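# A structural walkthrough
The chain contents come next:
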Amino acid sequence: MRVFRPLIGATRHVDPFPPTDQGGRALKNYPMEKIRNLALIAPHGVGKTALADAMLHATGKVGRRGNVDDGSSIFDYLEEEIDKKQTISASLAWLEAGGCKINLIDTPGVADFRGDVYACLDVIEGALFVVKADGGYEVASDSLWRLLRAREIPSFIIINRMNKEHADWDGALATVRERVGVNAVPLQLPIGKKDGFRGVIDLISMKAYVQDGDKVAKVAIPAELLDDATAAREALMDPAAEAVDALMEKYLEEMTLTDEELVQGLKAGIAAGSIYPVLASAADTEIGVLALLEAAVALLPSPASRAEIKGAETNHGEPATHPCRPDGPPLLYAFKKQYEAQGGDVVWVRIFSGEVRSGENLTTAGGASERLGQMSVAMGKHKDKIESAPAGDIVHAAKLKATGIGTTLTPKGAFTLPPIPYPVPTNAEAIKPVNAGDEDKMAAGLTKIHDEDPTFELRHQSQLSQSLLVTQGDIHTAFILEKLKKSQGVDVARTRPRVAFKETVKGKTEKQGRHKKQSGGRGQFGDVYLRIEPNERGAGFEFLDEIVGGVVPNKFIPAVEKGCRETLADGLLAGYEMVDVKVALYFGSYHNVDSSEAAFKTAARIALQRAVEEDSAQLRPVILEPIMDVRIVVPKDYMGDVMGDISTRRGSIQGSESDGPFQTVSAQVPEDELYHYAIALRAMTQGTGTFSMTFSHYAEVPGDVQKRLVDEYRASRNKSE
């Protein structure tokens, strides 16, 4: 038995490329074909971050394997991550394997923080999709897997935690193939079960990788597993041969492929998305980790696989492409930004073309000149400074003033890459500072946080006198507000948002409004007769001047219109703007001395208020509510629960369509019934359901809802008085 370490360029516990001077200039640059940009992607709780830490330790990049449970993880290093034992923000580290540099991005698994997953998909060539051996492919995995497939990311599927008590390779593989399809084919077989898991069989080389103390030994396949391995290798040949026409011809003739041909076919199939290799690992013992890295280097694409990248001309917005060449013009893309207390703003940059150096001058698509600050390669929160970085690499750049997330940097700013398609935030809370006078600090703090996390929005609704924080979910909201408190010292109160209800009328009435006040000296007098009736839906407010004979002088008529507008804007029934109303001024009287514009404004308000209060039966005032078009995507198994829930929210199903194991439901639901719907949907669907909504129209609320809103308004007025 011999110790096998074909991929590892350094002895364990030793940094493969220690700097030789204080500037770190000895850190080598790798050619594009020797770089792999990979992201670990999985829902929370499958051991994704543990696997990332195991990779660093197994390749000798760190002396002690990081651990999420004790807060020593290289990847989960934020205070909030250590406290909650979950990944909140993507983190980056690099290692060397087989003479290649692997940039490894650990992404958040909690749905509320998946914005970083979307950002990372633009800059990687391969994904490591992690599944639990002791639970299989979870429902929560579906949305992430669909995202990978929509973006056509070449992917490995890693069945992790093979050493756990309830680990079941065959069962986990069956769940994977049930959800992913027959394209999920084993590239390895496990050796041993549960706590007896001790290695993996590589079906390409037909050798076994067995853990031997602190090292990995490459040995012959155990005799009792040889038949299974042979059958699995033959099953692997079919999709590999189908990926390349020439291989298919040979395979049909000879019914076998050489190792080199098998690798050729697998690489083509993985790149095309017709093959998803399935591998086995146990992160906490590092079994299978080195074999996984060997497979990643051999089979997943390098940055050199991109001949060009699609974008647009900056000046005209026309579609364009930019070559991805190591010696071509520089093209950099900023996909993540974070503020660090010691170093200020740090931007994560993917270099798609050209070698760049610190201090180089580039231009944003907006025309701003940007001097490339100090660059570094990351090991979690630790960084090594570098003077240059090659095409294909991912680095950190400090103190970029004009570069935010989604910024493209080129020599002349003539080309821009598409923006990151973040998920639309749907979880809204009304917020305001607990302490009066902190409004500006709150806004400034949230703006700073938004620079790092564009997946939330701050919306100011002046008409409703509220500010809305719209996030990816309740956990996301709590995290943002806690971060705001720590950075700005601002305590924020959260309340249910006011919905933009409207009021209107369905009937017609006439009413006098008379304002007379005498308090010594010049008095106040205004007298108007108004006719109030509905206007067409969506037509807004219309004022008609029907005065004959000068009973109300022309100079006071604009004041009557203004009084009507202001009164309707404040609402007459439940404090919401009254819309789609016609008001005609058809009669009135005035006093030569005491009449004024202010008096006629007041008289108009009195007439409208009396019309609603005294002539409700004729005028028939009603409340309108915004109705939203809602699009919900859920696994078919949850259709009944989701549709039933829509009914309880006074919604109506407009239709549905099938998309594989998923169903897309279109519905119209009152906005007032969608408060915290993101939380409810995730609970109903085990975290797999997603939805989006857009405004559709206004509709009359049911009688019980109108009564509740009116009663709440009157109670609030009585309390304030």
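Residues numbered from 1 in each chain as written. Predicted model: local features only at pLDDT ≥ 70, side-chain atom pairs only at ≥ 80, totals over all residues. Heavy atoms only, no water.

### A closer look at the overall build of the protein chain
Worth spelling out the cut-off: The helix and strand labels rest on DSSP assignments: H or I over at least four residues marks a helix, E over at least two residues marks a strand, and numbering proceeds from the N terminus. Only heavy atoms matter for contacts: two residues are in contact if any of them lie within 4.5 Å across the pair. Using a 1.4 Å probe, accessible areas were evaluated by the Shrake-Rupley method; residue-level cover was limited to the displayed protein chains. Counted charges follow a simple rule, with Lys and Arg positive, Asp and Glu negative, and His plus the chain ends left uncounted. To locate a charge, take NZ of a lysine, CZ of an arginine, CG of an aspartate or CD of a glutamate.
The secondary structure content of the protein chain amounts to 17 helices and 38 strands. Each principal axis of the C-alpha distribution contributes one length, and for the protein chain these read about 110 × 55 × 50 Å. Relative to all contacts within the protein chain whose residues are 6 or more apart in sequence, the contacts with residues 24 or more apart total 72%. For the protein chain, the exposed area adds up to about 31,200 Å²; of that, 48% sits on carbon and sulfur atoms. In the protein chain, 84 side chains carry a positive charge and 101 a negative one; their mean positions are 5 Å apart.

### Observations concerning the sheet that holds strand β25 (residues 415-416)
We apply this condition: A pair of strands is labelled paired if DSSP reports no fewer than 2 bridges between them.
The three strands are arranged β14-β13-β25 in an open sheet whose pairing can be described as antiparallel. Of all strands in the sheet, those with a lone pairing partner are β14 (319-323) and β25, marking the two edges.

### Here's the deal with empty space enclosed by the protein
Defined as follows: In this analysis the probe radius is 1.4 Å and the grid spacing 1 Å, with only protein atoms considered; a cavity is a set of points the probe fits into but cannot get out of, a pocket is an open set with protein on both sides within 12 Å along at least five of seven lines, and lining residues have an atom within 4 Å of a point. Grid points are joined across faces, edges and corners, and a volume is the space filled by probe spheres set on the points. Ten residue types, Ala, Val, Leu, Ile, Met, Phe, Trp, Tyr, Cys and Pro, are classed as nonpolar, four, Asp, Glu, Lys and Arg, as charged, and the remainder, Gly among them, as polar.
Evaluation of the coordinates by the stated rule reveals three cavities of 30 Å³ or more. In this model, the largest cavity occupies a volume close to 80 Å³. Considered class by class, the residues forming the lining of the largest cavity number seven nonpolar, two polar and three charged. Looking at the second largest cavity, its volume works out to about 60 Å³. Forming the walls of the second largest cavity are 13 residues, and the residues nearest its centre are Tyr209, Gln211, Val216, Ile287 and Gly288. Looking at the lining of the second largest cavity, the elements that each hand over two or more residues are β9 (199-202), β10 (207-212) and α9 (289-299). Split by residue class, the lining of the second largest cavity holds eight nonpolar, three polar and two charged.

### A look at the packing of aromatic side chains
Threshold: A pair of Phe, Tyr and Trp rings is counted when the ring centres sit within 6.5 Å of each other, with Trp represented by its six-membered ring. The angle between the planes then sorts it: under 30 degrees is stacked, over 60 is edge-to-face, the rest tilted. When accessible area is computed with a 1.4 Å probe and restricted to protein chains, residues below 20% of their type maximum are described as buried, those above 50% as exposed, and intermediate ones as partly exposed.
Tallied over the entire structure, the rule returns 11 aromatic pairs. Judged by centre distance (6.1 Å) and plane angle (40°), the ring pair of phenylalanine 129 and tyrosine 137 falls under tilted. In this pair, the class of phenylalanine 129 matches that of tyrosine 137, namely buried. With a centroid separation of 4.8 Å and an interplanar angle of 15°, the aromatic rings of phenylalanine 556 and phenylalanine 600 are classed as stacked. Of this pair, phenylalanine 556 sits in the loop between β33 (542-545) and α12 (557-570) while phenylalanine 600 sits in helix α13 (residues 597-614), and the two are 44 residues apart along the sequence. Judged by relative accessible area, which is 6%, phenylalanine 556 ranks as buried. Since its relative accessible area comes to 0%, phenylalanine 600 is described here as buried. By way of ring pairs, the aromatic residues Phe129, Tyr137, Trp145 and Tyr276 are connected into one cluster.

### Brief notes about the confidence of the model for the protein chain
What counts is decided by this rule: Each residue carries a pLDDT value, the predictor's own confidence for that position, ranging from 0 to 100.
With 96% of its residues at a pLDDT of at least 70, the protein chain reaches an overall mean of 92. Confidence over residues 1-25 falls short of pLDDT 50; this stretch has 64 contacts with residues more than four positions distant or in other chains.

### A short note on the state of the cysteines
Here, the word disulfide means a covalent bond between the sulfur atoms of two cysteines. Where we set the bar: A pair of sulfur atoms, both from cysteines and within 2.5 Å, is called a disulfide here.
Applying the stated criterion across every chain, the model contains zero disulfides. With no disulfide of its own, cysteine 100 has cysteine 324 as its nearest cysteine by sulfur position, at a separation of 18 Å.

### Comments concerning the sheet that holds strand β6 (residues 155-160)
The condition that has to hold: Fitted lines through C-alpha atoms give the axes, limited to the stretch in contact for helices. The angle between two N-to-C directions lies from 0 to 180 degrees.
Taken in spatial order, the seven strands line up as β3-β4-β2-β5-β6-β12-β7 in an open sheet, and their pairing is mixed. Taken across any chain shown, the strands that pair with only one partner, and hence form the sheet edges, are β3 (91-97) and β7 (184-186). For this sheet, the mean inter-axis angle between neighbouring strands, taken without regard to orientation, is 30°. With seven bridges connecting them, β3 and strand β4 (residues 100-106) associate as antiparallel partners. Residue pairing for β4: glutamate 96 is matched across the bridge by lysine 101. Helix-sheet contacts for α9 involve β2 (35-41), β3, β4, β5 (126-132), β6 and β12 (276-280), and the interaxial angle to β6 is about 175°.

### Comments concerning the nonpolar core
Convention followed: By nonpolar core we mean a set of buried residues, namely Ala, Val, Leu, Ile, Met, Phe, Trp, Tyr and Cys, connected to one another through side-chain atoms within 4.5 Å.
By size, the foremost hydrophobic cluster in this structure holds 138 residues, and its most contacted members are Ile105, Leu128, Phe156, Ile157 and Leu266. Residues in contact with leucine 266, not counting those within four places in the same chain, are Leu187, Ile204, Leu236, Ala240, Ile275 and Leu299. Counting residues in each nonpolar core, the second largest holds 37 residues, with Val505, Leu572, Val581 and Val612 among its members.

### With respect to the pattern of salt bridges
The line we're drawing: Here, a salt bridge means any Lys or Arg side-chain nitrogen found within 4 Å of an Asp or Glu carboxyl oxygen.
One pass over the full model with this rule turns up 43 salt bridges. Of the charged contacts, one joins arginine 64 and aspartate 70 as a salt bridge, the two residues approaching to 2.9 Å between their closest N and O atoms. The exposure class assigned to arginine 64 is exposed, which follows from its relative accessible area of 53%. Given a relative accessible area of 44%, aspartate 70 falls into the partly exposed group. For arginine 65, the salt bridge is made with glutamate 286, and the minimal N-O distance between the two is 2.8 Å. Of this pair, arginine 65 sits in the loop between α1 (48-58) and α2 (79-84) while glutamate 286 sits in the loop between β12 and α9; the two residues are 221 residues apart in sequence, bridging distant segments of the chain. Linked through salt bridges whose partners overlap, the residues forming this network are Arg496, Asp672, Arg708 and Glu712.

### Some points on a negative patch on the surface
Applicable threshold: The patches reported here contain residues having more than 30% relative accessible area and no salt bridge. Joining distances are 9 Å for like charges and 5 Å for nonpolar side chains (Val, Leu, Ile, Met, Phe, Trp, Tyr).
A contiguous patch of negative charge, built from Asp168, Asp170, Asp227 and Asp228, is present on the exposed surface. Topologically, aspartate 168 is positioned in the loop between β6 and α5 (169-180). Residue classification places aspartate 168 among the partly exposed residues on the basis of a relative accessible area of 38%.

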